[in-house]
Amino acid sequence: MPEQNTSQPSWLKLINIESVYSAEKQRRAFTFFTMISIALVLVTTLVVLNYHIYAKPLTVMLVVSDITFLVCAIYFMRTGHLNAVAALVLGIICMLCVALVYTGGKENTALYWLMFYPVVAFSTLGLRIGLIGVSVLLCVSCFLLYGPDIGQVKYGYAEKVRFSASFILVFLFTFIGEYFRNKSHMEIAHMTLLQKQDAHTDQLTGLANRRFITSHFLPLAKSRPEQYFPFTVLLMDLDNFKYINDSFGHDFGDHVLIEFSTFLESQLRSSDIKVRYGGEEFMVILPRIDSDAAFYVADKFREYISTQTIMFTQTQKTTITCSIGVVQVNKISEFNQAVKRADECLYDAKHAGRNCVIAGELA
């Protein structure tokens, strides 16, 4: 996944691009199952047809590998842990390839079976781990082919050279293809992430916009309730904002909104979700905080705002206040009702004289 700037607001890090990665995961999973299926059929066939020819250690290794492949496939289907399972399976296949090179297989044809390994390794394990796996197989195979006699079968000089050259070419071009495919994928993912972040950012204040709540926060809270519930919604509105616009102009009004957003970021937790809900109205979501604690947070923030002077020029300055409605949310299905109730509390706060906090409960 592309790296994100650590200085950016924490809510931006909640934006995910799983749709971009889902195709990549499906590709790797499909490659993994294809490899498992072929390996099971091939190893089983080799054992059945050639058990009387192969050395006993090789036959035992093939049978154990067959069972392990089947267990790994079942484990992946139940857990979805592809990386660890694929690494285990490719490791076993690497050892089988080494055993084939060592024993020669049937009529010394073992070297042919190694040519598929770079393609499968890079497709299943990715660039870095695949590079390690293929490099290990190449080094061990070259040691057995060109190194000292440790009981391995003998191959002809021409056969060894042709295999080495062919394997290295397959290795090289597979690596190049995977490298640029991975680079393109990461660039697309990075562009998609930036576009999504921009689409869910309020262009004036830099806070999250209303769309972010429904597109990202609510699905995330639903999938990870232990990290967010109960949470409390604060609905805030700047008091007499129309008077500021009429008296100082819209540029000054925009400046006030930006400053208010800065106060939200500086006075509340980085984990709190701050949203420009519309116009001079803001929403703050306080994860893992009930309404009593949220009321204290909201009132402390309201008091802080009332003491601040916002400067635009030497002659243009103002103080502001805000009214706040507070409602606790205990489950995802209550969210829309809670926002409506918070809006009612905000309306009551306005009618109570502004610059106050009113908490409400769901019916």
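Computed from a predicted structure; not experimentally measured. (Residues numbered from 1 in each chain as written. Predicted model: local features only at pLDDT ≥ 70, side-chain atom pairs only at ≥ 80, totals over all residues. Heavy atoms only, no water.)

1. A word on the overall build of the chain
Phase 1: The secondary structure content of the chain amounts to twelve helices and eight strands.
Phase 2: By the compact-globule yardstick of 21 Å for 363 residues, the chain is too spread out, its C-alpha radius of gyration being 32 Å.
Phase 3: With the C-alpha coordinates aligned to their principal axes, the bounding extent of the chain is approximately 95 × 45 × 25 Å.
Phase 4: Taken over 363 residues, the chain has a buried fraction of 44%. (Helix = DSSP H or I, 4+ residues; strand = E, 2+ residues; numbered from the N terminus. Rg over C-alpha atoms; globule rule 2.2 N^0.38 Å. Buried < 20%, exposed > 50% of the residue type's maximum accessible area, 1.4 Å probe, protein only.)

2. Overview of the environment of Ala-221
Phase 1: You can see Ala-221 is positioned in helix α7 (residues 210–223).
Phase 2: Through-space distance from the C-alpha of Ala-221 to that of Pro-287 is 9.3 Å; in sequence the pair is 66 residues apart.
Phase 3: Other than its neighbours up to four places away in sequence, Ala-221 contacts Tyr-228, Phe-229 and Ile-332. (Contact = heavy atoms within 4.5 Å.)

3. Focus: the packing of helix α5 (residues 127–146) against helix α6 (residues 157–199)
Phase 1: Across the interface, α5 lies against α6 with an axial gap of 11 Å and an inter-helix angle of 175 degrees. Taken together, α5 and α6 sit at an angle that is classed as roughly antiparallel. When α5 is examined against α6, the residues Leu-127, Leu-131, Val-134, Ser-135, Leu-137, Leu-138, Ser-141, Leu-145 and Tyr-146 are found in contact with a partner set consisting of Lys-160, Val-161, Phe-163, Ser-164, Phe-167, Ile-168, Phe-171, Phe-175, Glu-178 and Tyr-179.
Phase 2: Classifying every residue of the contact of α5 with α6 by side-chain character gives 14 nonpolar, three polar and two charged. (Axes fitted to C-alpha atoms, helices over the stretch in contact; angles between N-to-C directions. Parallel < 35°, antiparallel > 145°, perpendicular 65-115°, else oblique. Nonpolar A, V, L, I, M, F, W, Y, C, P; charged D, E, K, R; others polar.)

4. A look at the packing of aromatic side chains
Phase 1: For the coordinates displayed, the defined rule picks out 19 aromatic pairs.
Phase 2: Here the aromatic cluster, defined as three or more aromatic residues joined through ring pairs, consists of Phe-122, Phe-171, Phe-175, Tyr-179 and Phe-180.
Phase 3: The side chain of Arg-210 reaches across the aromatic face of Tyr-277, ending 4.0 Å from its centre. (Phe/Tyr/Trp six-rings, centres within 6.5 Å; stacked < 30°, edge-to-face > 60°. Lys NZ or Arg CZ within 6 Å of the ring centre and 35° of its normal.)

5. Description of the nonpolar core
Phase 1: If you look at the biggest cluster of nonpolar residues, it comprises 46 residues, and the most contacted ones within it are Phe-32, Phe-69, Val-89 and Tyr-117.
Phase 2: For this core, the elements supplying multiple residues, two or more each, are α1 (18–50), α2 (56–79), α3 (82–103), α4 (117–125), α5 and α6.
Phase 3: The element best represented in this core is α3, accounting for 13 residues.
Phase 4: The next biggest cluster of nonpolar side chains, apart from the first, holds 32 residues, and it includes Ile-17, Ala-221, Ile-285 and Cys-345. (Core = buried A, V, L, I, M, F, W, Y, C linked by side-chain atoms within 4.5 Å.)

6. Digging into the UniProt feature "transmembrane region" (unreviewed entry) in the chain
Phase 1: The UniProt record marks residues 29–51, 58–76, 82–102, 114–146 and 161–180 with the feature "transmembrane region" (unreviewed entry), using the residue numbering of this structure.
Phase 2: Within residues 82–102, the helical portion is 100% and the strand portion 0%, while the C-alpha atoms at the span's ends are 30 Å from each other. (UniProt positions renumbered as here; feature names shortened; annotations may be inferred.)

7. As for the packing of α4 against α5
Phase 1: In the contact formed by α4 and α5, the axes pass within 7 Å of each other and the chain directions differ by 155 degrees. With respect to α5, the element α4 is oriented roughly antiparallel. α4 and α5 meet at a crossing whose hand is right-handed. Facing α4, whose interface residues are Tyr-117, Pro-118, Ala-121, Phe-122 and Leu-125, α5 presents Leu-127, Ile-129, Gly-130, Leu-131, Gly-133, Val-134 and Leu-137. (Left-handed = near helix turned anticlockwise from the far one by under 90°.)

8. Details of the pattern of salt bridges
Phase 1: For the coordinates displayed, the defined rule picks out ten salt bridges.
Phase 2: When the shortest N-O distance is used, the salt bridge between Asp-299 and Arg-302 registers 2.9 Å. Of the two residues, Asp-299 and Arg-302 both sit in helix α11 (residues 291–306), three residues apart, roughly one turn of that helix.
Phase 3: The class for Arg-302 is buried, based on a relative accessible area of 13%. (Salt bridge = Lys/Arg side-chain N within 4 Å of Asp/Glu carboxyl O.)

9. So, the UniProt feature "domain: GGDEF" (unreviewed entry) in the chain
Phase 1: UniProt's entry tags residues 229–362 with the feature "domain: GGDEF" (unreviewed entry), counted in the numbering of this structure.
Phase 2: In the segment residues 229–362, helix accounts for 44% and strand for 28%; the C-alpha atoms at its two ends are 15 Å apart.

10. So, the pairing of strand β3 (residues 273–278)
Phase 1: With five of its six residues buried, β3 lies for the most part within the structure.
Phase 2: Here β3 pairs with strand β4 (residues 281–286) via five bridges, running antiparallel. Considered in β4, the bridge of Ile-273 is made with Ile-285.
Phase 3: Here β3 folds back onto β4 in antiparallel fashion, the turn holding two residues, of which Gly-279 has a positive phi close to 60 degrees. (Pairing = 2+ DSSP bridges.)

11. Remarks on the domain arrangement of the chain
Accessible area lost when the parts come together is the quantity often used to give the size of an interface.
Phase 1: Partitioning the chain into structural domains gives domain 1 (10–195) and domain 2 (208–360).
Phase 2: Taken over C-alpha atoms, the centre of domain 1 sits 54 Å from the centre of domain 2.
Phase 3: Each partner contributes to the interface: domain 1 provides five residues, whereas domain 2 provides eight residues.
Phase 4: On the domain 1 side of the interface with domain 2, the three residues burying the most area are Ser-10, Trp-11 and Leu-14, jointly 81% of the side's total.
Phase 5: The interface formed by domain 1 and domain 2 includes zero salt bridges.
Phase 6: Linking domain 1 with domain 2 are zero residue pairs in polar contact (both at pLDDT 80 or more).
Phase 7: A breakdown of the residues in the side of domain 1 that touches domain 2 according to their chemical character gives three nonpolar, two polar and no charged. (Domains from an automatic or database assignment. Buried area = accessible area lost by both parts, 1.4 Å probe. Polar contact = N/O pair within 3.5 Å; in protein donor to acceptor, adjacent residues only side chain to side chain.)

12. Thoughts on unusual backbone geometry
Phase 1: The linkage connecting Phe-229 with the following residue, Pro-230, adopts the cis geometry, with an omega of -10 degrees.
Phase 2: By secondary structure assignment, the location of Pro-230 is in the loop between α8 (225–228) and β2 (231–238).
Phase 3: Within the chain, Asn-355 stands out as a residue other than glycine whose phi angle is a positive 55 degrees.
Phase 4: As for its placement among the helices and strands, Asn-355 is situated in the loop between α12 (335–351) and β8 (357–360).

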